[in-house]
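Examining the three-dimensional arrangement
Listed below are the residues making up each chain.
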Amino acid sequence: AIAAALGGMDDRWRWCYGILGQVSRSFALVIMELEAELRDPVAIFYLVLRALDTVEDDTAVEAVVRRALCIDFHNKLAPEAGGWTTDGFGKGAEKELLERFDTVHSCFSDLKPEYQRVIADITREMGFGMAEHMDDTACVTIADYDRYCHYVAGLVGLGLTRMFAVSGLESPALADPRRDHLANSMGLFLQKTNIIRDYLEDLTDGRTFWPEEIWSVYADRLGAFAAPEQRKAALSCLNAMVTDALRHVPDCLEYMSAIRSPTVFHFVAIPQVMAMATLAEVYANPGVFAGVVKLRRGKTAVLIARATSVESVHALFFGSAVGMRAALAPADPSVEETRSALERIIRRS
Ligand code: PS7
Ligand code: MN
Ligand code: MN
Ligand code: MN
Ligand code: MN
Ligand code: MN
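Our subject in this report is the structure included herewith. Keep in mind that this is a model prediction, so the values were computed, not measured.

With respect to the environment of Leu 303
- Note that Leu 303 resides in helix H16 (residues 297–306).
- In this view, Leu 303 contacts Val 273, Met 274, Ala 277, Leu 295 and Leu 316; residues no more than four positions away in its chain are not counted.

Quick look at the pattern of salt bridges
- Applying the stated criterion across every chain yields a total of 19 salt bridges.
- Of the charged contacts in the structure, one is a salt bridge between Arg 14 and Asp 11, with a shortest N-O distance of 3.3 Å. Placement of both Arg 14 and Asp 11 in helix H2 (residues 11–23) is noted, with a separation of three residues, approximately one turn of the helix.
- A residue is classified by how much of its surface remains accessible, and Asp 11, at 60% relative accessible area, is exposed.

Here we look at the environment of Arg 66
- One can find Arg 66 in helix H5 (residues 63–72).
- A relative accessible area of 7% places Arg 66 in the buried class.
- With 39 residues separating them along the chain, Arg 66 and His 105 place their C-alpha atoms 20 Å apart.
- In this structure, Arg 66 is in contact with Val 55, Glu 56, Asp 58, Thr 59, Val 61, Phe 89 and Met 134, ignoring residues within four places of it in sequence.

Structural notes on the site of ligand 1
- The immediate surroundings of ligand 1 are formed by 19 residues, with Arg 50, Val 152, Gln 191, Asn 194 and Asp 198 found nearest.
- Taking Arg 50, its side chain carries an N or O atom lying 2.6 Å from an oxygen atom of ligand 1.
- A distance of 3.5 Å is found between an oxygen atom of ligand 1 and a side-chain nitrogen or oxygen belonging to Asp 53.
- It is helix H9 (residues 142–167) that contributes the most residues to the shell around ligand 1, six residues altogether.
- When grouped by side-chain class, the residues that make up the shell around ligand 1 number 12 nonpolar, four polar and three charged.

Brief notes about the coordination of the manganese ion (ligand 5)
- Looking at the metal site, the manganese ion (ligand 5) is ligated by Asp 53 (OD) and Asp 57 (OD), spaced 2.1 to 2.2 Å from it.
- Separation of the manganese ion (ligand 5) from the manganese ion (ligand 4) amounts to 3.4 Å, with Asp 53 serving as a shared donor to the pair. Here Asp 53 and its partner Asp 57 are both found in helix H4 (residues 36–57), four residues apart, which amounts to about one turn of the helix.
- According to the relative accessible area criterion, Asp 57 is partly exposed, its value standing at 26%.

Scoring rules and cut-offs
Residues numbered from 1 in each chain as written. Chains lettered and ligands numbered in written order. Predicted model: local features only at pLDDT ≥ 70, side-chain atom pairs only at ≥ 80, totals over all residues. Heavy atoms only, no water. Helix = DSSP H or I, 4+ residues; strand = E, 2+ residues; numbered from the N terminus. Contact = heavy atoms within 4.5 Å. Salt bridge = Lys/Arg side-chain N within 4 Å of Asp/Glu carboxyl O. Buried < 20%, exposed > 50% of the residue type's maximum accessible area, 1.4 Å probe, protein only. Near = heavy atom within 4 Å. Polar contact = N/O pair within 3.5 Å; in protein donor to acceptor, adjacent residues only side chain to side chain. Nonpolar A, V, L, I, M, F, W, Y, C, P; charged D, E, K, R; others polar. Donors = N, O, S within 2.8 Å, 3.2 Å for Na, K, Ca; no water.

Here's what the structure looks like:
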């Protein structure tokens, strides 16, 4: 799909779609689900936020430097900032993305002003939020954790929703501020699943997102869970984290039932069904503390193929929830809370 779309593009756009495939295995494919009107703005939105996230994530660079650039990043999209690039952040394709940010800027300038405004506004808010959270006291309480996830993922949900409305493919009512909590939940559900799954990778990089309010019930430091002799405490904590993430599912199902364009639906639903299947996979799974737990290739293919209608998405959520219910351990400290979250999902799907 990417190769076919690359055909009629100029060199700048061809470079953007090429680097998109390199910085994101999964999102490049889902972005190609979109029709032309949304594909370009969403691809540029992704690249801008991926560049900002590369600055946030590079713990090899001093926090003061990263914080200042995160705050300033939205200004790099202004017309007068054309030509700006930077080196020294990230590695591989992400490093190259920042080294050739002038090309992203140039393609950004091709977009309709309404799309440019959404991207710039969300980049500004996200950069401020990242700057505020650049130390390990960022996620102490569950409220802090929800606030961090709002900045790095909930805002993506809000921005995408505004783009869907701008495109005319979705009704302006979808982007009504009274529904913002639903788009926010869509992002939180993806981000929390990523944070749960990436426990070991993030710990190795010196980054901690699991909130102290949850882990302190089971250990006196987050890193303790990596030790095999802490298996029982680690699993109790993991299951509490999964249960917290499941809180967002009813909002996600409600958001998806309001989408009317089949291409937009497929784009939003694929990551959601993959997140739900990932939660079912990581629940009570000690593999989380020893490496990265991934969905099997065949499983992913089935999820992508079926994420095409609200009915089949409900069926996939139902299947994951029933699978998790069968894995509930009576001795787990969160078991009753997990059960009631699952039952709420099973009733709604
Ligand atoms: C513009 C599609 C559809 C209403 C780069 C999609 C990193 C989970 O850092 O790459 O490698 O562990 O696995 C995405 C809601 C954001 C939230 C956030 C922009 C869904 C910069 C995805 C993606 C809203 C901060 C990537 C949030 O995970 O992370 C576009 C509706 C970027 C979405 C980051 C995380 C995304 C994330 P890492 P991943
Ligand atoms: Mn990733
Ligand atoms: Mn499709
Ligand atoms: Mn990050
Ligand atoms: Mn990241
Ligand atoms: Mn991650």
